[in-house]
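Examining the three-dimensional arrangement
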Amino acid sequence: MTTWLDPRPFLRGVAWLDEGRPVRADPADRGRLPWDVCERAALPIGVRLEFIAEGAAAVEIRYRAAGSDGTAHGDSGDPARGRTALPDCFALWHSGGRVGETYVEPAAEAVVTVPLPATEDARLRRLIVHPPESRSPEFLGLRAVGGRIAPAPAQPRWLVHGDSITEGWWSTRPAHSWPARVGRSLGLDTVNLGYAGSAHGEPAVAEQLATLPADLITLAFGTNCWTDVPSSPPLLYETVRAFLTVVRQGHPRTPLLVVSPVVRPEAEHVPNRLGATFAELRTALERAVTDRIGDADTRLALLPGRDVIGPGQLADGVHPHDEGHAALAVAVGEALRSLGVCAAGVSGVARVPWRRRLLHHEQALAQSGRDPRQQPGDVHL
C-alpha cells in the first residue's frame, strides 16, 4: 500500500495553522479580535486540497473532525449548506467545473476515497477537493490509488476579506461562492477571510491582513455597518481610510480591489439608529476609496457594488444565491483583470473598463454635492 503523504503541501487557501488545523485568524492574536471574528475564523472556509494526478484512479484522504464524537466544530450558520447531521461531502472540481461528489457518514476520524476521472484532458490534471467546511477537518494524510499524486504548482495568493457574503452564505456548495469562482477562473490561490456577522473595519483584522503574504487583496465589507454595529457616513469614511492605511503598511504596492456593498432593498433608503441609510453608507465607503486613489494609490481600485447583482439574485434580501454569487464573481473577475490579474500571475495596473466605471461614479458623486465626511446625504446613483 502506498505511504500516506504529508497533507500540508497540498493545502490551499490557508491563512494560519493552529495545531495542524487550518484557521482564518492568527492564533497568537485572538485576544484583540471580536468574539464573532474568532468564532467564524475557526471554520476553514475556502480551504481545499489541490493536486496533480497522474494515472491515479482515486485519492484517499484521511482526516479528523473537530469534535471527538464526530460532530462539527460548530454549525456553519449558513441556511443553504445544510446541517452537521448530513453526510460529509467531498466535492471534486477542476478549473472548468465540478467533476463529482463523494459522501461519507460523519465520524471522529475517517478515510474518504474520492474517485478521479480517467481522461487525457489537460484541465483535469489539476484537481481540487473541497471538504465539508462545517466539520473543521484536520487533514492527516493523502495517498493515490494507483498512479501518483503531487501537490499542484503554487498560484498567486489572493486575500479576500469581507462578511457572510464573502464567506459564501446561501451558495449551495463551498465551490459556488464568488471568491471560489473567481479563484478558479483566474488561477488564484484564494484565501477566504470572510467573517459572517462581522467585518466592520476592525483595526486588528487590518493588522492581520497586513502581516499575511499576498499577491493580490480584495476587501468587500460594509453590509453589517448598517445594523449589526451601526455606523454613520463620516464614521465609516474614516474607518475605511484607516483600514486601508493599515493594510497598506504591510502591502504598499500590492494590487488592492475594494468592492462596495451589493444591493440591499430593505435598507437602501431606510435610516439606521444613527440616521444613515444603506445607500449613504455605501457612498461614504466609496468616497473613502476614491479619495485614496486620488492621493496617488495607483494600485487601488473600486468596484461599486450597487448594480453588480439585482434584487432577484438575492436569496433572503441580503445574501446572493448561486446565481447571484456567479454574477458577483464575473464582475469581480473583470475588475481584477483591470488590475492586471490573469491566470499567468499579477502584473501592473491596467486603466480599462472598471476605471471608466469609476470615473462615471465619481461624476455622479460630484453632481450630488454631498460629502460623506461632513453631513449624511441620500445619494441616488
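Structure's up top.
Residues numbered from 1 in each chain as written. Predicted model: local features only at pLDDT ≥ 70, side-chain atom pairs only at ≥ 80, totals over all residues. Heavy atoms only, no water.

**What to know about the packing of helix H4 (residues 203–211) against helix H5 (residues 233–250)**
Pairs of packed helices are described in terms of their axes, by the angle between the two and the distance that separates them. As a reminder, the rule being used: Where helices are involved, their axes are fitted lines through C-alpha atoms of the stretch in contact, as for all axes, and angles between N-to-C directions lie from 0 to 180°. Runs of E in the DSSP output that reach at least two residues are strands. Runs of H or I that reach at least four are helices, and both are numbered from the N terminus. Geometric relationships in this document are graded by angle, where less than 35 degrees denotes roughly parallel, more than 145 denotes roughly antiparallel, 65 to 115 denotes roughly perpendicular, and other angles denote oblique. Note on convention: the crossing is left-handed when the near helix lies turned anticlockwise from the far helix by less than a right angle, right-handed when the turn is clockwise. The contact rule is simple, with two residues in contact once any of their heavy atoms fall within 4.5 Å. Note that Gly is not counted as nonpolar here; it falls among the polar residues with everything else outside the nonpolar set of Ala, Val, Leu, Ile, Met, Phe, Trp, Tyr, Cys and Pro and the charged set of Asp, Glu, Lys and Arg.
As a packed pair, H4 and H5 sit with axes 7 Å apart at the nearest point and diverge in direction by 20°. Between H4 and H5, the angle falls in the class roughly parallel. Note on packing geometry: the crossing formed by H4 with H5 is right-handed. Facing H4, whose interface residues are Val-205, Ala-206, Glu-207, Leu-209 and Ala-210, H5 presents Phe-243, Val-246, Val-247 and Gly-250. Here the contact of H4 with H5 is built from residues that sort into seven nonpolar, one polar and one charged.

**Considerations on the pattern of salt bridges**
To keep it simple, the criterion reads: Think of a salt bridge as a Lys or Arg side-chain nitrogen and an Asp or Glu carboxyl oxygen that are within 4 Å of each other. Burial classes follow relative accessibility: with a 1.4 Å probe on protein chains only, a residue under 20% of its type's maximum area counts as buried, one over 50% as exposed, and anything between as partly exposed.
All chains considered together, the criterion is met by 26 salt bridges. Close ionic contact of Glu-167 with Arg-24 constitutes a salt bridge, the shortest N to O distance being 3.2 Å. Taken together, the residues span a long stretch of sequence, with Glu-167 in helix H2 (residues 164–167) and Arg-24 in the loop between strand E3 (21–23) and helix H1 (35–41) at a distance of 143 residues. The burial state of Glu-167 is the same as that of Arg-24; both residues are buried. With a shortest N-O distance of 3.2 Å, Glu-138 and Arg-64 are connected by a salt bridge.

**Description of the nonpolar core**
Threshold: Working definition of a nonpolar core: buried Ala, Val, Leu, Ile, Met, Phe, Trp, Tyr and Cys residues. They are joined through side-chain atoms within 4.5 Å.
The biggest cluster of nonpolar side chains holds 43 residues, and the ones touching the most others in it are Leu-219, Val-258 and Val-289. When contributions to this core are tallied by element, the ones reaching two or more residues are H1, strand E13 (189–194), H4, strand E14 (216–220), H5, strand E15 (256–259), helix H6 (278–294) and strand E16 (300–303). Membership of the second largest hydrophobic core comes to 26 residues, among which are Ile-165, Val-182, Val-263 and Val-341.

**Regarding the pairing of strand E8 (residues 109–115)**
Rule in force here: A strand pair is defined by DSSP finding two or more bridges across the two strands.
Of the two faces of E8, only one is covered, namely that formed by Ala-110, Val-112 and Val-114; the face formed by Glu-109, Val-111, Thr-113 and Pro-115 stays uncovered. Note: strand E5 (residues 58–64) against E8, seven bridges, orientation antiparallel. Opposite Tyr-63, over in E8, you have Ala-110 as the bridge partner.

**Considerations on unusual backbone geometry**
A positive phi is found at Glu-19, a non-glycine position, where the angle reads about 55°. Here Glu-19 lies in the loop between strand E2 (16–18) and E3.

**A look at the environment of Arg-62**
Residue position: Arg-62 is located in strand E5. Judged by relative accessible area, which is 24%, Arg-62 ranks as partly exposed. When the C-alpha atoms of Arg-62 and Gly-141 are compared, they prove to be 5.2 Å apart, with 79 residues separating the residues in sequence. Not counting residues up to four positions away in its chain, the partners in contact with Arg-62 are Trp-4, Glu-109, Ala-110, Val-111, Glu-138, Phe-139, Leu-140 and Gly-141.

Just geometry here; none of it tells us what the structure is for.
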